[in-house]
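Next come the chains, spelled out residue by residue.
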Amino acid sequence: MADINALIAKLPDLDKSPAVKGARSSPGRLTGPPWKDAQAIYDAVLAEGAPAIVQIIKTLKEVDDGADFKARYLLHGLALYTGLGEKKREHETVVGAFISELAGDHPKAVKGFLIGELQAVGGKNAGDAVAKYLTDPQLFADAAGALLAIREGAAEHLRAALPGAPAGRCRCQIVQSLGILRDGASLAGLQAAAEDGDADTRIAARWALANIGDAGGVKAALKGADAKDWERIQGVKACLLLAEKLAAAGKKADAAEIYGYLESTRTDKSESYVRRIAADALHALK
Amino acid sequence: MHQRKLTRRGFLQGSAAAVAAVTIVPPHVLGAQAGRPPGTAPSETFGGALIGCGGRGGGTFGQMKGMGLNVVSLARCDVKFKDTCDNKTIYTDFRRVVERKDIDIIAIATPPHWHALISIAAMEAGKDVLCEKPMTRFVAEGRAVAQAEKRYKRIFQVGTFGRFGMARQPDNIQVRKILTSGLLKQTEALYVAQRNFKVKEWSGKIDLAPEPPPANLDWDMYCGPSTLAPYVKLRTGMTHRGYWDYDGGGLGDMGQHYMDPLTWQFGLDGTAPVEIEASAPPAHPVVAGMWAWAKLKYANGFTLVLESREWGEPSGLASKGVSLADLSSALTDADKAKLKEMPDPRPLVPFGEAVKTRQPAGGNADAAHRTVCIMHLANIAIRMGRKIRFDPVTEQVIGDEEANRLVNQPMRAPWHL
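Cut-offs and rules
Residues numbered from 1 in each chain as written. Chains lettered and ligands numbered in written order. Predicted model: local features only at pLDDT ≥ 70, side-chain atom pairs only at ≥ 80, totals over all residues. Heavy atoms only, no water. pLDDT = per-residue confidence, 0-100. Contact = heavy atoms within 4.5 Å. Axes fitted to C-alpha atoms, helices over the stretch in contact; angles between N-to-C directions. Helix = DSSP H or I, 4+ residues; strand = E, 2+ residues; numbered from the N terminus. Parallel < 35°, antiparallel > 145°, perpendicular 65-115°, else oblique. Left-handed = near helix turned anticlockwise from the far one by under 90°. Nonpolar A, V, L, I, M, F, W, Y, C, P; charged D, E, K, R; others polar. Phe/Tyr/Trp six-rings, centres within 6.5 Å; stacked < 30°, edge-to-face > 60°. Buried < 20%, exposed > 50% of the residue type's maximum accessible area, 1.4 Å probe, protein only. Lys NZ or Arg CZ within 6 Å of the ring centre and 35° of its normal. Salt bridge = Lys/Arg side-chain N within 4 Å of Asp/Glu carboxyl O. Polar contact = N/O pair within 3.5 Å; in protein donor to acceptor, adjacent residues only side chain to side chain.

1. A closer look at the confidence of the model for chain B
Residue and element names in this part refer to chain B. Summing up the model confidence of chain B, the mean pLDDT is 90 and the portion of residues at 70 or higher is 90%. A low-confidence stretch, residues 1-25 stays under pLDDT 50, and its non-local contacts, those more than four residues away or across chains, total 39 contacts. At the level of chain-chain contacts, confidence expressed as ipTM amounts to 0.96, with global pTM at 0.93.

2. Topic: the packing of helix α10 (residues 249-265) of chain B against helix α14 (residues 365-384) of chain B
Residues and elements named next belong to chain B. Taken N-terminus to C-terminus, the directions of α10 and α14 make an angle of 135°; their axes are 8 Å apart at the nearest point. Between α10 and α14, the angle is such that the two are oblique. Note that α10 runs across α14; the crossing there is right-handed. The residues of α14 that touch α10, namely those facing Leu251, Gly252, Gly255, Gln256, Met259, Asp260 and Thr263, are Ala368, Thr371, Val372, Ile374, Met375, Ala378, Asn379 and Ile382. Of the residues belonging to the contact of α10 with α14, the class tally is eight nonpolar, six polar and one charged.

3. Brief notes about the packing of aromatic side chains
This model, assessed by the stated rule, comprises 18 aromatic pairs over all chains. Here Trp35(A) and Tyr81(A) contribute two aromatic rings whose centre-to-centre distance is 6.5 Å and whose plane-to-plane angle is 35°, an arrangement assigned as tilted. With Trp35(A) in helix α2 (residues 35-46) and Tyr81(A) in helix α4 (residues 69-81), this residue pair connects regions lying 46 residues apart in the sequence. Both residues of the pair, Trp35(A) and Tyr81(A), belong to the buried class. Aromatic side chains Phe161(B) and Phe164(B) sit 6.1 Å apart centroid to centroid with 35° between the ring planes, which places their arrangement in the tilted category. Looking at Phe164(B), the relative accessible area reads 11%, which means it is buried. Each member of the aromatic cluster is reached from another via a ring pair, and the members are Trp219(B), Tyr222(B), Tyr231(B), Tyr243(B) and Tyr246(B). The ring of Trp202(B) has Arg241(B) lying over it, and the distance from NZ or CZ to the ring centre is 4.5 Å. Stacked on the ring of Trp244(B), the Lys or Arg Arg383(B) has its end atom at 4.2 Å from the ring centre.

4. A closer look at the interface of chain B and chain A
With 59 residues of chain B at the contact, the number on the chain A side is 63 residues. Inspection of the chain B/chain A interface yields five salt bridges. With its nearest N and O atoms 3.8 Å apart, the salt bridge here joins Asp280(A) to Lys153(B). Run the count over chain B and chain A and you get 25 residue pairs in polar contact (both at pLDDT 80 or more). Broken down by secondary-structure element, the contributors of at least two residues to the side of chain B that touches chain A are α4 (94-98), α5 (115-124), α6 (139-152), α14 and α15 (401-404) of chain B. Residues that form the side of chain B that touches chain A fall into these classes: 29 nonpolar, 11 polar and 19 charged.

Here you go:
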């Protein structure tokens, strides 16, 4: 095998002079090589196949302080380069190496880097490997982000993770992700999450139900609109979003129920803008 | 009852006690936010808040006075106020600010990764918004802001005002009129923008060791929707611009200033480029870096070229066909007669007037979104290292699923569009 470390070292060093004169500037910025110079390095690595990519990953350090910047930059460059169109096989090799090493013995921070790369270029086959981190206290947000980017198969993984997700940010992350995916199969789980002890999770669940656009979300949305302060504002948001979706789907009676409720209950002057929106929408429904 | 005269310095130095002493009746109490007829509030004074108090913050808030708005500072919010926050006039969490019923207008001068979310939250709470540039960090955020502006019937103005000056010049009005008239089905017009995009200055650094955040900084809230990265000082302050987590480098940060007048003049503020390519080194996943040029072609053939002059070879292109004389010469006499019958574009409504009359502001969310999308799309081409095609209606990259992932980027809970 070619000397991988020597290939990594071929990438240019960081700038030795400040980017510009001035107090805010300092050395250490990355100018990077022209694509044609980088491609020669990428091709040399790719010629060695998956073991070379795995070897580069193994050089990554837990703390990202710039010491391994060439390896990180090279891995990202390989992912982009092989995504150009004619290099499908090489792309699968690169992504496959990311997937296999995500299951390997690496520090969490390195796994976070790999999940980030899979968010950029991973496909459905990365889903299983990424989903294992959906309830990891350090990596759940990265994992959910990657699955949302990959999209295909993401809802199944998120739906499966929801019941066991720890309360708080992690559960909230999964709930809002299911909402973004408009996963109709998650209605029951989201309805339960709308009664969660954590306000952010309740808000996310009501929004998720609204974004799905099912009439089964009406009760939760209206309850949110009766909450206080931020949760109330977000409850109204869920109401309006759900009503718009229901109206667009021809479910005018359900939409009217929401608008009618808002029109009759937003009696304080500070919420008159909501009352007016609801009244206008009710009028438009007729 | 009295009105306290605010200056920019006065705002910045305003003590909690002084702010709390303001007793005028803001318009919201009288239903101004619901679109009351102008002039019904006895004071014409608006309750205001500034979210993001470093950098441009004071200037952004202070600008409103010059717009004919008497805005009284009732709250300041910044993630750097962790040690002084009292949740009465000084906040670290913007949600506590938008909950307040006595605030009518919110000025936003946080780093850009917060612009969309706070703008949307403010409008959901019935506030009008003056938001610093760049309006957003990625494409989908801008559409969400525009939807909130429409849904809640609020006023939004981005903190770039170049289009207002552009729109006052008769020749510029004619250029816009021709380019939006539909009389030129296709145009070979090309505009090369060589500006100070501060490419090197606002590129990020990747050789910094993580350190503990300062005691006064709520680092988790600072990161907000973006990755909870280990703290390094350059991720905050003005240098945040070099990190994709918060901004789009010098291009993302400066571009809206430069493109805002042009998108108005060229009638590009209702659409988006359809083909985008760039010359740049391979991108880094964390920091914004160098680029030479980005070429953005619209469906009607109009091409916009951005040149950095800080890396690589320039595009080699020169502007052509954008002068009024060139455009006019492309029209037939019959077309010229038709053009004469067409109305001039509507004058742009300044933010202050928009707040009072409830007309859309000249730099409203939809127009500002279309402008900032130029930079977002150029950055996508730079970051992907390949040409992309974009659908201005669906606002999706066509045929490149990986590039499309940068159009709508995931957010860390509890934040979402």
